[in-house]
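The chain contents come next:
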Amino acid sequence: MARTVDPLKIGSISIWPPLVLAPMSGVTNRTMRGLYKPFGLGLTVTEFVSSNALKFGSKRTMEMIDRHGLESPVSTQLWGDDPQTMADAAKLVRECGADIVDINFGCPAPKVVKTNGGSACLRDPQRCEEIMRAVVDAVDCPVTMKMRLGWTESDLVYVDVAKRAQSVGVQAVTLHARTARQFYKGSADWDHIAALKRAIDIPVIGNGDLADSHTAMQRMRDSGVDAIMLGRATLGNPWLISQIADLMEGREARPSPSPADRLRYAIVHLRTMVAELGEARAVPQMRKHVALYLKGIHGGAQLRARIMTIDSADEVAAIIEETIAGLEADAVAA
Ligand SMILES: Cc1cc2nc3c(=O)[nH]c(=O)nc-3n(C[C@H](O)[C@H](O)[C@H](O)COP(=O)(O)O)c2cc1C
């Protein structure tokens, strides 16, 4: 069986398969990354962490930079607009076990851009360069950067910022091919990702709207990127990760699980979240996940509505189990 793509090389770290789980704030915490990694991810990235918040080191902030035992390598993502604060934060996360430090120049959320962080940095490429240089100089591990195309359609700075990244020693760039102003509207424009790959020599990770395994592989081939990053499409469907990993390994993509098997895994997910985070935190977080596991299942909308009001993990599990029993009875009857 011959691999269809090469490993991703970030500095001295070799990543197989070249398949990265997107950082998703409020979603890809330690537990989620630990659950998803075995589906076949090469690299996981923490939720973005404020470099300012790391100065104070609250329990919740420190938990965000904690790695799961199943993850290796792991990249810790930082955001902020001050080079020195970002450098100090990078040193700290490196001491806490980050294999890679990733800089966020992509977040469009108002609470981040109002302090000039995330995608707001793209309004000032010189500032981006100063931040990247300070972080590269601060740590002894690879530094990477994730960005959008630019602040607006009329100011697409991604090639400029990526060239600056390369010149100061950043070792890979991820591009989510939308502008900050677009938020999640329209679609990611992979022609820009291909253009970035042609423009720089360091590895490029392509990101945006990869919703099925064949499109993902096609996008990877057509753009020539070194790796792909998957975000929203994996939620409620971690099997997408395995299907893409299969194609990268050179075998046929495994079939999607049955609705009942999907829901069985939703219970594993729920129980793991409860064990690691406690019921009070896990159940509210699980509502969105269970809703996604239920997608496409007959009567799913009513079940989603029921789960939204329940605080007990056992009750949520009982509803899912009841649904599995219903699905199996239907299968026998059919
Ligand atoms: C809920 C949510 C939270 C996100 N948080 C982050 C983040 O912390 N850091 C980051 O770089 N991108 C973040 N993103 C953007 C994703 O990493 C990714 O770039 C985007 O969702 C496009 O990829 P997709 O189409 O595969 O989802 C977030 C996206 C979502 C939906």
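These numbers were taken from a predicted model, which means no experiment stands behind them.

A. Focus on the domain arrangement of the protein. Split into domains, the protein comes out as domain 1 (8–249) and domain 2 (259–333). Measuring from the centre of the C-alpha atoms in domain 1 to the corresponding centre in domain 2 gives 30 Å. Between domain 1 and domain 2, the contact holds 16 residues from the first and 13 residues from the second. Where domain 1 abuts domain 2, roughly 1,300 Å² becomes buried across the two surfaces, and 59% of that area is made up of carbon and sulfur atoms. Taken as a group, T31, L35 and W239 account for 36% of the area that domain 1 buries against domain 2, more than any other trio of residues on that side. Taken together, the connections running from domain 1 to domain 2 amount to 2 salt bridges. Between E63 and R281 there is a salt bridge, and its shortest N-O distance comes to 2.7 Å. Between domain 1 and domain 2 we count 5 residue pairs in polar contact (both at pLDDT 80 or more) in total. At the level of elements, helix 1 (30–36) and helix 3 (59–64) are the ones that each hand at least two residues to the side of domain 1 that touches domain 2. Ranked by residues supplied to the side of domain 1 that touches domain 2, first place goes to helix 1 with 5 residues. Looking at the side of domain 1 that touches domain 2 residue by residue, the class counts come to 8 nonpolar, 5 polar and 3 charged.

B. Summary view of the packing of aromatic side chains. For the coordinates displayed, the defined rule picks out 7 aromatic pairs. Ring geometry for Y265 and Y293: centres 6.1 Å apart, planes at 65°, overall edge-to-face. Pair noted here: Y265 is in helix 11 (residues 259–277) and Y293 is in helix 12 (residues 279–293), with a separation of 28 residues, a long-range link. In this pair, the class of Y265 matches that of Y293, namely buried. Put simply, the rings of Y36, F39, W239, Y265 and Y293 pair up and form one aromatic cluster. Over the ring of Y184 we find R148; its NZ or CZ atom is 5.1 Å from the centre of that ring.

What counts and what doesn't
- Residues numbered from 1 in each chain as written.
- Predicted model: local features only at pLDDT ≥ 70, side-chain atom pairs only at ≥ 80, totals over all residues.
- Heavy atoms only, no water.
- Domains from an automatic or database assignment.
- Contact = heavy atoms within 4.5 Å.
- Buried area = accessible area lost by both parts, 1.4 Å probe.
- Salt bridge = Lys/Arg side-chain N within 4 Å of Asp/Glu carboxyl O.
- Polar contact = N/O pair within 3.5 Å; in protein donor to acceptor, adjacent residues only side chain to side chain.
- Helix = DSSP H or I, 4+ residues; strand = E, 2+ residues; numbered from the N terminus.
- Nonpolar A, V, L, I, M, F, W, Y, C, P; charged D, E, K, R; others polar.
- Phe/Tyr/Trp six-rings, centres within 6.5 Å; stacked < 30°, edge-to-face > 60°.
- Buried < 20%, exposed > 50% of the residue type's maximum accessible area, 1.4 Å probe, protein only.
- Lys NZ or Arg CZ within 6 Å of the ring centre and 35° of its normal.

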